[in-house]
Amino acid sequence: MPIEVVQFTCLTDNFGLLVHDVATGATASVDAPDGAAIAAEAERRGWPLTHLLLTHHHLDHIEGAEALKKRFPQMKIVGAKKDAHRLPPLDIAVGDGDVVMLGASRARVIETPGHTLGHVAYHFADDDAVFVGDTLFSLGCGRVFEGTMEQMRLSLETLANLPGETRIYCGHEYTQANAKFALTVDPENPVLLDRANSVNELRAAGKFTLPSTIALENATNPFLRVEDPLVKKAMGMDDANPFAVFAEMRERKNRFVA
């Protein structure tokens, strides 16, 4: 039986994400931006938390962990063994390729360094879903705080190579702002133009723009399109290698004012 995913707003623009294994009732929160809001949503649905899947150590992703552990003492906290020293106390420490069982559902851990050195994603391959934290955003990617530009580029490539139908759940609702930047480096992309219009309509209606899919991001997210000749031309980098294009694109995004 499949997983059911529920997303809701936490803090200002973080996503609360609940992953519910239909067969067994096991339920995970992906990250813990707001313990009270997450607990309230889980209880409203009758889904007591059994797992907390942490993607990285930034405060807006872990600050609710203590409150959730107190409310659901049976909850197992899962996170990167490389970052165990700066995450809430882990019940299960994981690394690349490890499998986390959520009831009858399997999540493969993918190490995605760049935004932080210990960042991980959780790929539920049987359910066509991946939870990417702050590595990949819809039409964008996370800032490179700890890793290198090369690490971030390779992490994004790893995610981009997942099956196209894979649904992407991110840590933040940034799509509208990301679309404005994307159009500056990929202005001749008709799929991106259509998507930017759709995103504006969704946000005007108060709706989320996620989940996205790997196929849609590969077609419209400029950080996954740094080998495309039209993107390189728009950036004035026709002869540059993809890593140089990515680094320059990320620097431009850092300076961009939406």
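Residues numbered from 1 in each chain as written. Predicted model: local features only at pLDDT ≥ 70, side-chain atom pairs only at ≥ 80, totals over all residues. Heavy atoms only, no water.

### Here's the deal with the overall build of the chain
Of regular secondary structure, the chain possesses 9 helices and 14 strands. For the chain, the C-alpha radius of gyration of 18 Å lies close to 18 Å, the compact-globule estimate for 258 residues. Projected onto its principal axes, the C-alpha positions of the chain cover 55 × 40 × 30 Å. By residue count, 52% of the 258 residues in the chain fall in the buried class. Contacts in the chain between residues far apart in sequence, at least 24 positions, make up 60% of those at least 6 positions apart. (Helix = DSSP H or I, 4+ residues; strand = E, 2+ residues; numbered from the N terminus. Rg over C-alpha atoms; globule rule 2.2 N^0.38 Å. Buried < 20%, exposed > 50% of the residue type's maximum accessible area, 1.4 Å probe, protein only. Contact = heavy atoms within 4.5 Å.)

### Observations concerning the pairing of strand E8 (residues 105–111)
As paired strands, strand E7 (residues 99–102) and E8 are joined by 4 bridges and run antiparallel to one another. In the strand pairing of E8, methionine 101 is matched with arginine 106. Between E7 and E8, which pair antiparallel and follow one another directly, the connecting turn spans 2 residues, one of which, glycine 103, has a positive phi of 60 degrees. Where E8 lies against strand E9 (residues 120–124), 4 bridges are found, and the strand directions are antiparallel. (Pairing = 2+ DSSP bridges.)

### Focus on the pattern of salt bridges
Scanning the entire structure with this criterion turns up 15 salt bridges. Its salt-bridge partner being glutamate 146, residue arginine 86 comes within 2.7 Å of it at the nearest N-O pair. Of this pair, arginine 86 sits in the loop between strand E5 (76–80) and strand E6 (92–94) while glutamate 146 sits in the loop between strand E12 (140–141) and helix H4 (149–160), and the two are 60 residues apart along the sequence. Looking at glutamate 146, the relative accessible area reads 28%, which means it is partly exposed. One salt bridge in this structure joins arginine 252 and glutamate 248, with 2.8 Å as the shortest N-O distance. (Salt bridge = Lys/Arg side-chain N within 4 Å of Asp/Glu carboxyl O.)

### As for the environment of alanine 28
Mapped onto the fold, alanine 28 is located in strand E3 (residues 27–30). In this structure, alanine 28 is in contact with Leu17, Leu18, Val19, Leu49, His51, Leu53 and Leu102, ignoring residues within four places of it in sequence.

### Remarks on the sheet that holds strand E10 (residues 129–133)
As summarised here, the arrangement of the 6 strands in space is E7-E8-E9-E10-E13-E14, forming an open sheet in which the pairing is mixed. At either end of the open sheet lies a strand with only one pairing partner, and these are E7 and strand E14 (212–213). Relative to E14, strand E13 (residues 167–170) runs antiparallel, the two being bridged by 2 bridges. Within E14, the position partnered with arginine 167 by the bridge is threonine 213.

### Focus: the nonpolar core
Ranked by internal contacts, the top residues of the largest apolar core, which has 51 residues, are Tyr122, Phe124, Phe131 and Met249. Excluding residues within four positions of it along the chain, methionine 249 makes contact with Phe181, Val185, Pro222, Phe223, Val226, Val231 and Met235. Listed in part, the 19 residues of the second largest apolar core include Leu49, Ile62, Ala65 and Ile77. (Core = buried A, V, L, I, M, F, W, Y, C linked by side-chain atoms within 4.5 Å.)

### A look at the packing of helix H5 (residues 175–185) against helix H6 (residues 190–204)
It is at 10 Å that the axes of H5 and H6 come closest, and there the two elements cross at 155 degrees. Of the possible angle classes, the one that applies to H5 and H6 is roughly antiparallel. Between H5 and H6 lies a crossing of left-handed hand. Along its contact with H5, which presents Thr175, Gln176, Ala179, Ala182 and Leu183, the element H6 presents Leu192, Leu193, Arg195, Ala196, Val199, Asn200 and Arg203. Split into classes, the residues belonging to the contact of H5 with H6 amount to 7 nonpolar, 3 polar and 2 charged. (Axes fitted to C-alpha atoms, helices over the stretch in contact; angles between N-to-C directions. Parallel < 35°, antiparallel > 145°, perpendicular 65-115°, else oblique. Left-handed = near helix turned anticlockwise from the far one by under 90°. Nonpolar A, V, L, I, M, F, W, Y, C, P; charged D, E, K, R; others polar.)

### Digging into the sheet that holds E3
With mixed pairing, 6 strands are arranged side by side in an open sheet as E1-E2-E3-E4-E5-E6. In this open sheet, the two edge strands, each paired with only one partner strand, are strand E1 (3–10) and E6. Across the sheet, the axes of successive neighbouring strands diverge by a mean angle of 20 degrees, strand direction being ignored. Of the pairings in the sheet, the one linking E5 to E6 comprises 3 bridges and is parallel in character. Bridge pairing in E6 links glycine 79 to alanine 93. Helix H1 (residues 35–44) rests against E1, strand E2 (14–21) and E3 of the sheet, and its axis sits at about 140 degrees to E1.

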